[in-house]
Amino acid sequence: MPKVLIAEDEVAIADAVMYALRSEGIDVEHCLLGGDVLPKVRNGGVDIVILDVGLPDISGFDVCRELRRFSDVPVLFLTARADEVDRVLGLELGADDYVAKPFSPRELAARVRARLRRPHGIAHQHWRQVGTFEVDIDGHRIQYRGQLLDLTRYEFALLAALLHRPGAIMSRAQLMDRAWQDNGDSGDRTVDTHIKTLRAKLRHIASDVDPIQTHRGLGYSVVV
Ligand code: CA
C-alpha cells in the first residue's frame, strides 16, 4: 500500500485529507511540524510528501529544500496565499505540485493517485505545457516549440517567472526577486541584459515572433 506523509498543523484539514486518501486505499501518516518530516522520510517508505507551507516551526519551503538534499520523493504543497503559489512555481524548490487552500480533499486524493501511478524515477521529469513552451521547473529546463532551450541559470529563472503567468506584466523588481534570490548586486540593466540574450535564443528557434513583450515603464510579459 502506498504511503503519504502529510505535514499540516490544521488538524481539521489533515483529517479531511487523511479520510480522502484512506478511502482511496492510500496509507497516510500525519505530523504537525515541519521538523518531523525529514526523519520520517529518512526512515523510508514514504511515497509522497504533502507539505503545508505555513507550518508552526519551519516553513514548508525550508522543509522541501532540506528534503531535496537527500531525497527526490514527490512533494505536493498546500498553499494558503497567492504569493506562496508564486514561490512554489517560481524556482528551485523542487516541488512537484501544489494545491491552493481551500481545496477539495477528493481532488487532492486524485492528484496523489495520479502521481503514484507514475513510474518511479520519472517523477522529477515534470513538463508543464504553457502554450508553445514546456517547463520543467525541477529539471531547470524549458522547451520552446518542441526544442530544448540552452539557458543560463538567470535566463531560465526569468523565463520561468514570466511563464508562470502568461500575459501578466512583471516589473524588473519582481523578476529580479525571482531570479536573483540571494544576490544583491544587480540593477535593472541586468534583467534587461538577460532578457536580451533570452530573446536572441528564442528568435533562433522562431525568427518571426517575439514572445517576450516589453511594456515601457512597467516591465515584461510573455505571450505563449
Ligand atoms: Ca498551516
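Check the entry above for the structure.
The structure reproduced in this document is the subject of the present report. (Residues numbered from 1 in each chain as written. Predicted model: local features only at pLDDT ≥ 70, side-chain atom pairs only at ≥ 80, totals over all residues. Heavy atoms only, no water.)

## Quick word on the pairing of strand β10 (residues 212–215)
Put simply, the test is: Any two strands between which DSSP finds at least two bridges are classified as paired. Only DSSP runs of H or I with at least four residues qualify as helices, and only runs of E with at least two residues qualify as strands; both kinds are numbered from the N terminus onward.
Of the strand pairs in this sheet, β10 and strand β11 (residues 219–222) are connected by 4 bridges, and their pairing is antiparallel. Bridging from a neighbouring strand, Thr214 pairs with Tyr220 of β11. Once β10 ends, the chain turns through 3 residues before running back antiparallel as β11, passing Gly217 with a positive phi of about 80 degrees.

## Describing the environment of Asp15
With respect to the element layout, Asp15 can be found in helix α1 (residues 11–22). For the pair formed by Asp15 and Pro105, sequence separation is 90 residues and the distance between their alpha carbons is 9.6 Å.

## Brief notes about the coordination of the calcium ion
The condition is simple: A donor here means an N, O or S atom no more than 2.8 Å from the metal, or no more than 3.2 Å when the metal is Na, K or Ca. Since water is not included, a site may seem to lack partners. Using a 1.4 Å probe on the protein chains alone, a residue whose accessible area is under 20% of its type maximum counts as buried, one over 50% counts as exposed, and one in between counts as partly exposed.
Within the protein, the calcium ion binds to Asp9 (OD), Asp52 (OD) and Gly54 (O); these donor distances fall in the range 2.2 to 2.4 Å. In the primary sequence, the donor residues of the calcium ion line up as D-x42-D-x1-G. By relative accessible area, which is 2% here, Asp52 ends up buried. By relative accessible area, which is 40% here, Gly54 ends up partly exposed.

## A short note on helix α3 (residues 60–67)
Under the convention used in this document: Directions pointing from the helix axis toward each C-beta atom define the arc.
Within the span of α3, buried status applies to Gly60, Phe61, Val63, Cys64 and Leu67. Down the axis of α3, the buried side of the element spans an arc of 160 degrees, and every buried residue falls inside it.

## Thoughts on the pairing of strand β8 (residues 141–144)
Of the pairings in the sheet, the one linking strand β7 (residues 133–136) to β8 comprises 4 bridges and is antiparallel in character. If you follow Phe133 over to β8, its bridge partner there is Tyr144. In the sheet, β8 pairs with strand β9 (residues 147–148) via 2 bridges, with the strands oriented antiparallel. Its bridge partner being in β9, Tyr144 is matched across the sheet by Gln147. Joining the antiparallel neighbours β8 and β9 is a turn of 2 residues, in which Arg145 adopts a positive phi near 50 degrees.

## Things to note about α1
Defined as follows: Here, expected helix span is obtained from the residue count minus one, scaled by 1.5 Å. Contacts: residue pairs with any heavy atoms within 4.5 Å of one another.
Over its 12 residues, α1 extends 16 Å from the first C-alpha to the last, a length consistent with the 16 Å expected when each residue adds 1.5 Å. Within α1, burial applies to Ile13, Ala14, Val17, Met18, Ala20 and Leu21. All buried residues of α1 project into a common sector of 165 degrees when viewed along the axis, lining one side. With respect to the buried face of α1, the exposed residues turned more than 90 degrees away are Ala12 and Tyr19. Where α1 is buried, its residues meet β1 (3–7), β2 (27–31), β3 (48–52) and α5 (105–117).

## Structural notes on the packing of α1 against α5
As a reminder, the rule being used: What counts as an axis is a line fitted to C-alpha atoms, over the stretch in contact for a helix, and the angles between N-to-C directions run from 0 to 180 degrees. In these notes the angle categories are as follows: under 35 degrees is roughly parallel, over 145 is roughly antiparallel, 65 to 115 is roughly perpendicular, and the rest is oblique. Helix crossings get a hand from a simple test, with the near helix turned counterclockwise from the far one by less than a right angle marking a left-handed crossing and a clockwise turn marking a right-handed one. In this count, Pro and Cys sit with the nonpolar residues alongside Ala, Val, Leu, Ile, Met, Phe, Trp and Tyr, while Asp, Glu, Lys and Arg are called charged and the others, Gly among them, polar.
At a minimum axis distance of 8 Å, the contact between α1 and α5 shows a crossing angle of 50 degrees. Judged on the interaxial angle alone, α5 and α1 are oblique. Here the hand of the crossing between α1 and α5 comes out right-handed. Between α1, through Ala16, Val17, Ala20 and Leu21, and α5, the contact on the second element is made entirely by Pro105, Arg106, Leu108, Ala109 and Val112. Across the contact of α1 with α5, the residue classes break down as 8 nonpolar, no polar and 1 charged.

## Brief notes about the environment of Phe61
When you line up the elements, Phe61 lands in helix α3. We classify Phe61 as buried; its relative accessible area is 3%. Taking the C-alpha atoms as reference, Phe61 lies 9.0 Å from Ala95; in sequence the two are 34 residues apart.

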